[in-house]
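Survey of secondary and tertiary structure
Below are the chains, spelled out letter by letter.
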Amino acid sequence: MTALLVLAALVVIALVGWAIAEAKAKTCTYHNNEEEEAALERTQEAQKKSEYAEMSIRDVIKTISTKGFKAV
């Protein structure tokens, strides 16, 4: 019987913690200020000028060594 009470207490504690985390996520939001927005725009413009393209996982695997180095 005590094991059942302990399990119920753990479930209640977990649900309360989850509710607190959800409430915090909804109330405490982050917004970029003007300096951060300007820096983001400059970065995006620089990437467009240098023809930056985000690589997929297949591209990454092709360009990196996934098999290790061969002995000389």
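It should be noted that the structure appears before, not after, this text.
The sections below set out a description of the structure shown in this document. (Residues numbered from 1 in each chain as written. Predicted model: local features only at pLDDT ≥ 70, side-chain atom pairs only at ≥ 80, totals over all residues. Heavy atoms only, no water.)

Quick notes on the overall build of the protein
Counting its regular elements, the protein contains three helices and zero strands. Element order for the protein, N to C, with α for helix and β for strand: α-α-α. Surface exposure of the protein reaches about 7300 Å², of which carbon and sulfur atoms provide 63%. (Helix = DSSP H or I, 4+ residues; strand = E, 2+ residues; numbered from the N terminus. Areas by Shrake-Rupley, 256 points an atom, 1.4 Å probe, with all protein chains shown as cover.)

Points about unusual backbone geometry
Notably, Glu-51 is not glycine yet its phi reads approximately 55 degrees, a positive angle. Relative to the elements of secondary structure, Glu-51 occurs in the loop between helix 2 (34–49) and helix 3 (57–63).

Quick word on a nonpolar patch on the surface
A surface patch of nonpolar side chains, about 820 Å² in accessible area, is lined by Met-1, Leu-4, Leu-5, Leu-7, Val-11, Leu-15 and Trp-18. In this fold, Met-1 is placed in the segment before helix 1 (2–27). (Patch = residues over 30% accessible without salt bridge, like charges linked within 9 Å, V, L, I, M, F, W, Y side chains within 5 Å. Salt bridge = Lys/Arg side-chain N within 4 Å of Asp/Glu carboxyl O.)

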